[in-house]
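Listed below, chain by chain, are the residues.
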Amino acid sequence: MIVRNSIFKVKKYSLGKNSKILDLGCNVGRHLNFLKKNGYRNLYGVDIGKLAIKNSKKFFPNLKKVKIKCASFENYLFKKKDNFFEIIYSHGATLELIKPTFPLVRHMSRVLKKSGYLILLIDENGHAYPRFWRYEFKQNDLSIISHRRLNGNNTLFILKKI
């Protein structure tokens, strides 16, 4: 149910089948595969798990033309050009484990186009590194469109870059 809630938000907020969509923490790419099967063409994924990336196209042959990289979120976002994606999506990809010394929200906002959407399922309060998510969103021109607690500490945020 949680996956369906979050992946359907990507479809709802996309500007069309050519929207540039990043799955941050894509693992083997099951969400990318879903989007690809639904006709989306400009899909990107990043995950630090070498084995997951290596097996992604074996498990999901549909992903052959999807741009999937094995990298840390920090390195990937740091190297990506400004205003590149229409949607950045992350479904419980442990963003909370990125040390606060790396300005994660700032870089997500930087690579997101104006009026683009950030769709995040995060554990807002139960993580090792304290982070003031809502404050960081506001400081980086991200407006909370909606937020909903789904289970435990997981909150699904829909944010729009203003």
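Refer to the structure printed above.
The rules behind the values
Residues numbered from 1 in each chain as written. Predicted model: local features only at pLDDT ≥ 70, side-chain atom pairs only at ≥ 80, totals over all residues. Heavy atoms only, no water. Helix = DSSP H or I, 4+ residues; strand = E, 2+ residues; numbered from the N terminus. Rg over C-alpha atoms; globule rule 2.2 N^0.38 Å. Buried < 20%, exposed > 50% of the residue type's maximum accessible area, 1.4 Å probe, protein only. Pairing = 2+ DSSP bridges. Salt bridge = Lys/Arg side-chain N within 4 Å of Asp/Glu carboxyl O. Core = buried A, V, L, I, M, F, W, Y, C linked by side-chain atoms within 4.5 Å. Contact = heavy atoms within 4.5 Å.

*Asks:* Is there a simple way to think about the overall build of the chain in this case?
*Replies:* Summing up its helical and strand segments, the chain has six helices and seven strands in all. Along its sequence from the N terminus, the chain presents helices and strands in the succession α-β-α-β-α-β-α-β-α-β-α-β-β. Taken over C-alpha atoms, the radius of gyration comes to 15 Å for the chain, in line with the 15 Å a tight globule of 162 residues would show. The dimensions of the chain, computed from C-alpha atoms along their principal axes, are 40 × 35 × 30 Å. By residue count, 51% of the 162 residues in the chain fall in the buried class.

*Asks:* Is there a simple way to think about the pairing of strand β4 (residues 85–91) in this case?
*Replies:* The side chains of a regular strand alternate between both faces of the sheet. The element β4 is extensively covered by neighbouring structure, given that seven of its seven residues are classed as buried. In this structure, strand β1 (residues 20–24) lies alongside β4, joined through three bridges in parallel fashion. Each residue of the ladder has a partner; that of D23, found in β4, is Y89. Direction of pairing for β4 relative to strand β5 (residues 112–123): parallel, over a ladder of six bridges. Within the sheet, the bridge partner assigned to H91 lies in β5 and is L121.

*Asks:* Would you mind going over the pattern of salt bridges with me for this structure?
*Replies:* Any two side chains of opposite charge can pair, so long as their charged atoms come close to each other. The full count for this structure, using the stated rule, is four salt bridges. We note a salt bridge from D82 to R110, for which the minimum N-O separation is 2.7 Å. Linking D82 in the loop between α4 (73–79) and β4 with R110 in helix α5 (residues 104–111), this pair joins segments that are 28 residues apart in sequence. Ionic pairing is found between E86 and K113, a salt bridge with its closest N-O pair at 2.9 Å. Of this pair, E86 sits in strand β4 while K113 sits in strand β5, placing them 27 residues apart in sequence. A relative accessible area of 15% places E86 in the buried class.

*Asks:* What is the right way to read the nonpolar core from this model?
*Replies:* Soluble globular proteins tend to pack their nonpolar side chains together in the buried interior. With 27 residues, the main nonpolar core has L22, L24, I88, M108 and F137 as its most contacted residues. Elements with a contribution of two residues or more to this core: β1, β2 (42–47), α4, β4, α5, β5, α6 (133–139) and β7 (154–161).

*Asks:* Got a minute to help me understand the side chain of S90 in this structure?
*Replies:* The residue S90 is located in strand β4 in this model. Excluding residues that lie within four positions of it along the chain, S90 makes contacts with L24, L95, I119, L120 and L121.

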